[in-house]
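Spelled out from the first residue to the last, the chains are:
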Number of protein chains: 2
Amino acid sequence: MHRRDLIKLGAATLATGLQPALATAAATAPSSAAIEQWGLFELSLPGPSTGNPFKDVTLIARFTLEHRTVQVTGFYDGDGTYRIRFMPDAPGHWTYQTSSSAPQLANKSGAFTCTPPTTPGNHGPVTIAHEFHFQYSDGTPYFPFGTTAYAYLFTAEENAKHSLEGMRQARFNKTRICVLPKPLGDKEKQLLPFPRSGTGASAVNDLTRFNPAYFQLLEKRLLDLQKANIEADLILFHPYDGWGYKAMPPDSDDFYLRYAIARLSAFRNVWWSIANEYDLVKTKTMHDWDRFFRITVAEDPYSHLRSIHNSGPIYDNTKSWVTHASLQRADFENSAERRTAWRKPILYDELQYEGDVDRRWGNLSAEEMTRRFWLALINGAYATHGEVFISETGESSWSDAGRLRGESAPRIAFLRALIEKITPVGLTKVDNAYYLSAGTPNQLLLYYFDYHRPARYDFPLPTTANFSATLIDPYNMTTTPVPGTFSGKSRIALTSKPYQAIVFQKVSDNHNKSTEAARPEVLD
Amino acid sequence: MHRRDLIKLGAATLATGLQPALATAAATAPSSAAIEQWGLFELSLPGPSTGNPFKDVTLIARFTLEHRTVQVTGFYDGDGTYRIRFMPDAPGHWTYQTSSSAPQLANKSGAFTCTPPTTPGNHGPVTIAHEFHFQYSDGTPYFPFGTTAYAYLFTAEENAKHSLEGMRQARFNKTRICVLPKPLGDKEKQLLPFPRSGTGASAVNDLTRFNPAYFQLLEKRLLDLQKANIEADLILFHPYDGWGYKAMPPDSDDFYLRYAIARLSAFRNVWWSIANEYDLVKTKTMHDWDRFFRITVAEDPYSHLRSIHNSGPIYDNTKSWVTHASLQRADFENSAERRTAWRKPILYDELQYEGDVDRRWGNLSAEEMTRRFWLALINGAYATHGEVFISETGESSWSDAGRLRGESAPRIAFLRALIEKITPVGLTKVDNAYYLSAGTPNQLLLYYFDYHRPARYDFPLPTTANFSATLIDPYNMTTTPVPGTFSGKSRIALTSKPYQAIVFQKVSDNHNKSTEAARPEVLD
């Protein structure tokens, strides 16, 4: 544990193992404490442990910087300990004061200094930018190249370790993970978010209380992701249930949702995915999903990104609380239409999985997964990786959290590096282009030929600039510069292989440009 | 020239080269002449050569077998020679008598004996069978595995030779070919169907007469196809024009159409494709296309198959004169819907071309072409091959007529051999199957996994029969029997490769069948 981490966590101590995972500030934090921007300040307070502290005790704090005050909800973490977490979004001298129904917790005040970020990779939370794209809060471009690890937060330590290591190596910068547990092996032995008594069919959930240890483990894992610069697309509800959590009464749903937001929203790498395959949770209606969005908007002081993921019918992404679309679809050709309808970024968060299982969604080749990523990007959208291979030994598969065994991940990392190199803002599909292409007008043009393999092509480049050209083999991960620069209609020899690409990047203005414009493309 | 051919052509002599290509019977055919069923009887008559014999002279003949009379239109073949061609569709003693506006041609009568077919491969014309499929007139199954050779009928001898040889080797049994010429190199030097005077912009067509040599060449080539057991899907109109033929007045269109039908309908391997890319012939309206169909129905005594091929919008294939759909599309997944709407067989006659040219339609890989054939077949439809490679020497490309250079053709022949082996009637898609599959209930089940590559799958076989299983690698053209027989839900290990198939064929009834039915497939 480095000093830097301690500062980020609120100048406090970090417990290990399944003990409270996060730093705890003294009951009144020293006014000299320094928290970096988008770091996590945590105030720990002793309070009542009798009755049901989760339900009976209210606790908030108001954090103030100059003219601005942010109200944050605290939570009970068990053993008589209450916590308030806060992510300061601007440097300066912050003060705070608590309010509570418990006198022991009320009127605690303090202050801390927020400094500019010093942790490498701390660019703040990811936000929407340029209408259809993303960036970090400090303006650094962010292009989501994510994967799927549903059980990462609550799986065995070994699986989580493999998963994190795999994500690091593959340079994934986002992952979709469930907050509520999925059954993994013997579900009677799993750590659970709610107390549960009895076994088998007679087991009973106590939905009026939480199991802090569950959330503490989750937070430790979430922090590991943050350190690896991986955004956590937290799935709040899902249909893969083993204990009745998908069919809780509305009051319990809301109670859980508010608790999760109180605990987790101060982590800068959090995104909210209201549900995975929401339409497969048959016990809930569209009113429930809308209510969860409303609660999330109201309770999250930082407005982390919000979406909801479908299996069949797509949620109405025009609703104001949706920040971006999170689709299970592979019809990338409809992206332009969707962008126009929703005016929001589009993530194809499930486009099926690389793997070899017998379900239709679970046996793409690495080539097809790579192709789908390219198709998503060239259509002005983004894609998310997933992988499910049969393990004869019963080992956890990557998309629950485990070892990465497929071969598309390095190709996706290659694509990420390419995009990060060629554009600060992301791609927009070129309308009516003869072959699939995207870019930035007069600056950048990326063609992806998909199954087409013309031996040569007359590229209709703008005449106003000179462009470099680089051939790209997306699967073999090679880039081959084409000698010379190009302007206007330019014939370039291509390979006879399918699934190739070429990128044109502006190198200079063309002051000697001919008066003849590039011939419009002929559409067949 | 074998004796057999002479019989087929009407017990007459066959001229060579560009001389009249077909056999000519004596003015009155000897009553002892024997013609095999679906062979071509031709009556040649000397007649007036002054004025415009193409327009001025009417000539028909009535052929009678027992109670039935078939009226056939004759045509002027130049040099004072008139011909009447007839394809007898039943064995027996046929008599005939002519009528004509020219006394010289009128009231000629004769007889011939029609014998059962003796020429190997003569199964008669192809007809519709089993609603969505085809068969020869003698009941022999026929599954169209065609290619495209637009200029085959009028290209240089060398190209036609390569084309025919290529089709033979690749076992194509159908080809799409244009009746009207396409410009090939120096269009001033091409043999043309209508007399043309002058050159360049001042050239003038005489649309009131035909150039018999053009049609004689065409018929020689058509006969070569017939000998190779290749159906000729004759394209009567097309937009690839160099001389004004796509913009003739309606009277000239009809005059040409009737002449072509009079000359060509007695060839048993003829299909009528009213047009290629009809919607790109901007000078014609839907009324014109409908009229051409009506004329074809009225003038063709044999009711050869009739279709019309689109570029964009699909013709209304519910119209009664359409025998089957001839589509330019690659959305095979809509085939079931189309079958239900049209109640006719569906041929995807252009699903793009294998090749490397710079047009989107002309640069599929052999893998993708092979895949598209499989997708068409598994969806209960059929597909047509095409190929366009850039030739640095300007050599004609296969789809005009030339050498076969691609690598999909042997894979298509492999698929043809498989289909011919496993079914006498053709494939019907299985509704709601978990993976793409087609077959015949309780007899045959063919799965094609497309891009899916499950390591194993629980196949939901009927419990009423025992099935053999054979793994198929469509691209490497291998078949691998799976040991044992299978009934009911059967787990079979598959390869981890995409684009594989497996076929289950009934080997026996299952009298010991368990009372437990195969578990219904779970749909995701």
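Quick note: structure is the one above.
Before going into details, it helps to say that this report is about the structure given with it. (Residues numbered from 1 in each chain as written. Chains lettered and ligands numbered in written order. Predicted model: local features only at pLDDT ≥ 70, side-chain atom pairs only at ≥ 80, totals over all residues. Heavy atoms only, no water.)

Glancing now at the overall build of chain A. Looking only at helices and strands, chain A has nine helices and 30 strands in total. Relative to the globule expectation of 24 Å for 524 residues, the C-alpha radius of gyration of chain A, 25 Å, shows essentially globular dimensions. In terms of overall dimensions, chain A has C-alpha extents of about 80 × 55 × 40 Å along its principal axes. For chain A, buried positions account for 59% of its 524 residues. Of the roughly 20,000 Å² of accessible surface on chain A, 52% is carried by carbon and sulfur atoms. (Helix = DSSP H or I, 4+ residues; strand = E, 2+ residues; numbered from the N terminus. Rg over C-alpha atoms; globule rule 2.2 N^0.38 Å. Buried < 20%, exposed > 50% of the residue type's maximum accessible area, 1.4 Å probe, protein only. Areas by Shrake-Rupley, 256 points an atom, 1.4 Å probe, with all protein chains shown as cover.)

All names here are of chain A. Note that Arg371 resides in helix H8 (residues 366-378). Within the structure, the side chain of Arg371 is placed 3.1 Å from the side chain of Glu368, a separation counted as a polar contact. Residue contacts for Arg371: discarding those within four places in its chain leaves Tyr448, Asp450, Tyr451 and Tyr499. (Polar contact = N/O pair within 3.5 Å; in protein donor to acceptor, adjacent residues only side chain to side chain. Contact = heavy atoms within 4.5 Å.)

The next point concerns the sheet that holds strand S2 (residues 41-46) of chain B. Residues and elements named next belong to chain B. With antiparallel pairing, three strands are arranged side by side in an open sheet as S2-S6-S5. Of all strands in the sheet, those bounded by a partner on one side alone are S2 and strand S5 (75-76). Across two bridges, S5 lies against strand S6 (residues 81-86) in antiparallel orientation. Residue pairing for S6: Tyr76 is matched across the bridge by Tyr82. (Pairing = 2+ DSSP bridges.)

Attention now moves to the relation of the copies chain A and chain B. Superposition record for chain A on chain B: RMSD 0.0 Å, screw rotation 180°, translation along axis 0.1 Å. Each copy turns onto its partner about a two-fold axis. Both copies share a contact surface, since 100% of the interface residues of chain A are interface residues in chain B too. (Least-squares fit on C-alpha atoms with pLDDT ≥ 70 in both.)

So, about the packing of aromatic side chains. Taken as a whole and judged by the stated rule, the model has 106 aromatic pairs over all chains. Where Phe449(A) meets Phe459(A), the ring centres are 6.2 Å apart and the plane angle is 70°; that geometry is what we call edge-to-face. Residue Phe449(A) is located in the loop between strand S25 (444-448) and strand S26 (456-460), and its partner Phe459(A) is located in strand S26; the two are separated by 10 residues in the primary sequence. Pairing Tyr447(B) with Phe459(B) gives two aromatic rings, centres 4.9 Å apart and planes at 75°, and the pair type is edge-to-face. Taken as a pair, Tyr447(B) in strand S25 (residues 444-448) and Phe459(B) in strand S26 (residues 456-460) lie far apart in primary sequence, 12 residues in all. Considered together, Tyr447(B) and Phe459(B) belong to a single accessibility category, that of buried residues. Lying over the aromatic face of Tyr434(B), Arg360(A) brings its terminal NZ or CZ to 4.3 Å of the ring centre. (Phe/Tyr/Trp six-rings, centres within 6.5 Å; stacked < 30°, edge-to-face > 60°. Lys NZ or Arg CZ within 6 Å of the ring centre and 35° of its normal.)

Let us look at the interface of chain A and chain B. Taken residue by residue, the interface counts 33 residues in chain A and 33 residues in chain B. Taken together, the two surfaces of chain A and chain B that pack against each other cover about 2,800 Å², and 40% of this comes from carbon and sulfur. Per-residue buried area on chain A facing chain B is highest for Arg360(A), Tyr451(A) and Arg453(A); these three make up 26% of the total on that side. For Arg456(B), the salt bridge identified is with Glu392(A), shortest N-O distance 3.0 Å. The tally of links from chain A across to chain B stands at 28 residue pairs in polar contact (both at pLDDT 80 or more). Of all the elements in the fold, those that place two or more residues in the side of chain A that touches chain B are strand S20 (354-355), H8 and S26 of chain A. Taken together, the residues of the side of chain A that touches chain B sort by class into 16 nonpolar, five polar and 12 charged. (Buried area = accessible area lost by both parts, 1.4 Å probe. Salt bridge = Lys/Arg side-chain N within 4 Å of Asp/Glu carboxyl O. Nonpolar A, V, L, I, M, F, W, Y, C, P; charged D, E, K, R; others polar.)

Attention now goes to the sheet that holds strand S8 (residues 109-115) of chain B. All names here are of chain B. Sheet architecture is open: five strands sit in the order S1-S8-S7-S3-S4, paired in mixed fashion. Each having just a single partner strand, strand S1 (34-36) and strand S4 (68-73) make up the two edges of the open sheet. Averaged over all pairs of adjacent strands, the angle between their axes in this sheet comes to 30°, without regard to strand direction. In terms of strand pairing, strand S7 (residues 92-100) meets S8 through six bridges, oriented antiparallel. Considered in S8, the bridge of Tyr96 is made with Gly110. (Axes fitted to C-alpha atoms, helices over the stretch in contact; angles between N-to-C directions.)

Residue and element names in this part refer to chain B. You can see Val430 is positioned in the loop between strand S23 (428-429) and strand S24 (437-440). Note on Val430: relative accessible area 27%, which makes it partly exposed. Sequence-wise, Val430 and Leu236 are 194 residues apart; in three dimensions their C-alpha atoms are separated by 36 Å. Ignoring any residue separated from it by four or fewer positions in sequence, one finds Val430 in contact with Ser437, Ala438, Gly439 and Leu445.

Residue and element names in this part refer to chain A. Here Val72 shows up in strand S4 (residues 68-73). Distance from Val72 to Glu395, taken between C-alpha atoms, is 41 Å for residues 323 residues apart in sequence. Apart from the residues lying within four places of it in its own chain, the contact partners of Val72 are Leu59, Ile60, Ala61, Phe63, Ile84, Arg85, Phe86, Pro301 and Tyr302.

Our focus in this paragraph is the environment of Gly355(B). Note that Gly355(B) resides in strand S20 (residues 354-355). On the basis of relative accessible area, Gly355(B) is assigned to the buried category, the value being 0%. Each C-alpha atom, one on Gly355(B) and one on Phe292(B), is 33 Å from the other, the two residues being 63 residues apart in sequence. Ignoring anything within four residues of it in the chain, the contact list for Gly355(B) reads Arg453(A), Gly362(B), Asn363(B), Leu364(B), Val388(B) and Phe389(B).

Residue and element names in this part refer to chain B. Burial of strand S19 (residues 346-350) is extensive: five of the five residues sit out of reach of the surface. Examined bridge by bridge, strand S18 (residues 325-328) and S19 share four bridges and lie parallel to one another. Within the sheet, the bridge partner assigned to Ala325 lies in S19 and is Ile346. Viewed along the sheet, the connection from S18 through helix H7 (residues 335-342) into S19 turns out right-handed. Where S19 meets strand S21 (residues 382-383), two bridges bridge the pair, whose relative direction is parallel. Residue pairing across strands places Leu347 opposite Tyr382, the latter belonging to S21. (Right-handed = clockwise from strand over helix to strand, strands pointing away.)

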